[in-house]
Amino acid sequence: MTGRPAPVALLALEDGTVFRGAGFGAEGEAFGEAVFNTGMAGYQEVLTDPSYAGQIVAMTAPQQGNYGVNREDAESVRVQVSGFVVREASRRASSWRADGGLADELSAAGVAGIEGIDTRRLTLRLREHGAMRAAISTVDVDATSLVDRVRASPSMAGADLARTVSAGRRYEAAELVGPADPSLGKVFRVAAFDYGMKRTILRRLAATGCETTVFPADTPASQVLSGGFDGVFLSNGPGDPAATAYGVAGVRALIGHVPIFGICLGHQLLALALGGRTFKMRFGHRGVNQPVKNLRTGVVEITSHNHGFAVDPDGWTRAGAPIPVAATDHGPVELTHWNLNDGSLEGLRCIDVPAFSVQYHPEAAPGPHDSRYLFRDFRDLMGRA
C-alpha cells in the first residue's frame, strides 16, 4: 500500500495459537482482547466505536476497506480499537464519499493491523474457545515470546474502561450533530451519560426531538437531577459493567426520579442498579445481524450488537407469561427482549418507575434500522412523565 514491502506480523492468542501475516496500518504492537465482528459493512463505525476500546477486532467478511473512510461516518474523534485483523485490506478506496483509505487511517491513529491470515480459522477458534487475550506485533515476531507476553497482559474481566473513553467535559450534543428536530412538538431536554457514546446515538436523539447535554461517565447523579432534565440516557461503552461502580451508583440514585433509557453498557448498568447481575459471555455478540424478539409486540427485529457482557436473567426471581416479570429492588420489571440465537436477555422495562433499556444498538449505523422506534418510546416515556 505504501510502495514498501509489508512487514511480517504475528497475531498471537493466549491459548498459544499464532497466525503469521503482513502488517498494515501502523507498525508496532497492539495488545487486547481478540473478538470477531460479523458485519459485511461498517468497518469505520467499528474502528471508531468506543465500546471496542481494549479489543483487537477481527472482521469475518474477507475484504475490508473497499469504500474507504470519511469524516461523517466516524462514531468518535479517533480510532478506538487496539488492533485490527482482516483477511485482505483493499488497496483502493472506491466511493465518492471517501477522503482516505483504511490503511492510512490506522497508520495515522498509530494502530497496528494484520492481514493475510485465515480469519475463518481465527473466528472458529474464538467461537469454540471464547474471546481471549491477544497481540499483534511487527516488532516481536518470535511466536513463543509473543505468546508469553500475551499471557502476562491484563484481562477484560474486571476492567473499568468507561472513564478512559468518556468525554472530559460536559458539552451540548448540538455542537456535534446539530439542533434537535422540533417537528414532533415539544423538544425534550435529555442528560446523557457518556460511557463511550456513539455519535449516531446523538443524531437519533436529535432526530426524535431531544436536546441532549452530554456528561462525563463519573458525573454525580445529583448534578443531573438538579438540572431539570426531562430524561436521562445511559450510553454504550467498553469494559466490565460490574467494575463500573460509579455508573451503577449513579443510575441507582436516578431510578424513580427521572425517565431513563439505556443502551448496551447503559442497559447493564440499569440492571445492576435494579439489583441484578451481569456475566462475561463466551464470545459475545458483535455484528449487524442478530435476531431479537420483542415479547411486547411479537416482532423479531434484526439488530446491531457490540458487547461481551450480558445481564443474567436468573439474577432475579422471575414469574409471568408471556412476558417474564422479574422482582427487583425497584418493583416488577418486564424482561421484554430476547436473543433468538442463544436465548440471552436483550431488554427490560420497569413497571412501577419510568425506565427501560436494551442490550443492542437501535441507532445501528450503518444498519439495520428495525429498532429505531425505541427512541420514540423514550420520547413517549418522557411525555407521560
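Check the entry above for the structure.
Notes on the structure follow.

**Let's talk about unusual backbone geometry**
Then, in step 1: A cis amide bond links A365 to the next residue, P366, at an omega of 10°.
Then, in step 2: You can see P366 is positioned in the loop between β21 (355-358) and α11 (373-384).
Then, in step 3: Cis geometry is found at the peptide bond from G367 to P368, where omega equals 0°.
Then, in step 4: Within the element layout of this structure, P368 appears in the loop between β21 and α11.

**Comments concerning helix α3 (residues 119-129)**
Then, in step 1: What α3 keeps buried is the set T119, L122, T123 and L126. What you see down the axis of α3 is that its buried residues fit within an arc of 100°, all on one side.
Then, in step 2: Among the residues of α3, the N-terminal cap falls to D118, whose side-chain oxygen and the backbone nitrogen of R120 are separated by 3.2 Å.
Then, in step 3: The positive-phi residue at the C-terminal boundary of α3 is G130, with phi of around 95°.

**Observations concerning the sheet that holds strand β1 (residues 8-13)**
Then, in step 1: Pairing is mixed in the closed barrel, where seven strands are placed in the order β1-β2-β8-β6-β4-β3-β9. Taken pair by pair, the neighbouring strands of this sheet meet at an average axis angle of 35°, ignoring direction.
Then, in step 2: Sheet strands in contact with helix α2 (residues 102-109) are β2 (18-25) and β6 (83-85), and its direction is about 90° off that of β2.
Then, in step 3: Lying over the sheet, α3 contacts β1, β2, β3 (29-37), β4 (55-59), β6 and β9 (132-137), oriented at roughly 80° with respect to β3.

**Notes on the nonpolar core**
Then, in step 1: Core analysis: the biggest nonpolar cluster contains 36 residues, and Y195, V232 and W316 have the highest contact counts within it.
Then, in step 2: When residues of this core are traced back to their parent elements, those giving at least two are β11 (188-194), α8 (221-225), β13 (231-234), α9 (245-254), α10 (265-273), β19 (331-339) and β20 (345-350).
Then, in step 3: The next biggest cluster of nonpolar side chains, apart from the first, holds 26 residues, and it includes F261, F378, L381 and M382.

**With respect to empty space enclosed by the protein**
Then, in step 1: Here the structure, examined in full by the defined rule, presents three cavities of 30 Å³ or more.
Then, in step 2: A volume near 160 Å³ is recorded for the largest cavity.
Then, in step 3: Sorting the residues of the lining of the largest cavity by element identifies α1 (43-48), β15 (278-294) and β16 (299-311) as the ones contributing at least two each.
Then, in step 4: The biggest single contributor to the lining of the largest cavity is β16, with three residues.
Then, in step 5: A per-class count over the lining of the largest cavity returns seven nonpolar, eight polar and three charged.
Then, in step 6: In terms of lining, the second largest cavity is formed by 15 residues, of which the most central are G237, P238, G239, H307 and G308.
Then, in step 7: Of all elements in the fold, only α10 and β16 reach the threshold of two or more residues within the lining of the second largest cavity.
Then, in step 8: Sort the elements by how many residues they give to the lining of the second largest cavity and β16 lands first, with four residues.

Parameters and conventions
Residues numbered from 1 in each chain as written. Predicted model: local features only at pLDDT ≥ 70, side-chain atom pairs only at ≥ 80, totals over all residues. Heavy atoms only, no water. Helix = DSSP H or I, 4+ residues; strand = E, 2+ residues; numbered from the N terminus. Buried < 20%, exposed > 50% of the residue type's maximum accessible area, 1.4 Å probe, protein only. Arc of directions from axis to C-beta. Polar contact = N/O pair within 3.5 Å; in protein donor to acceptor, adjacent residues only side chain to side chain. Pairing = 2+ DSSP bridges. Axes fitted to C-alpha atoms, helices over the stretch in contact; angles between N-to-C directions. Contact = heavy atoms within 4.5 Å. Core = buried A, V, L, I, M, F, W, Y, C linked by side-chain atoms within 4.5 Å. 1 Å grid on protein atoms, 1.4 Å probe; cavity = no way out; pocket = protein on both sides within 12 Å on 5 of 7 lines; lining within 4 Å. Points joined across faces, edges and corners; volume = space filled by probe spheres on them. Nonpolar A, V, L, I, M, F, W, Y, C, P; charged D, E, K, R; others polar.

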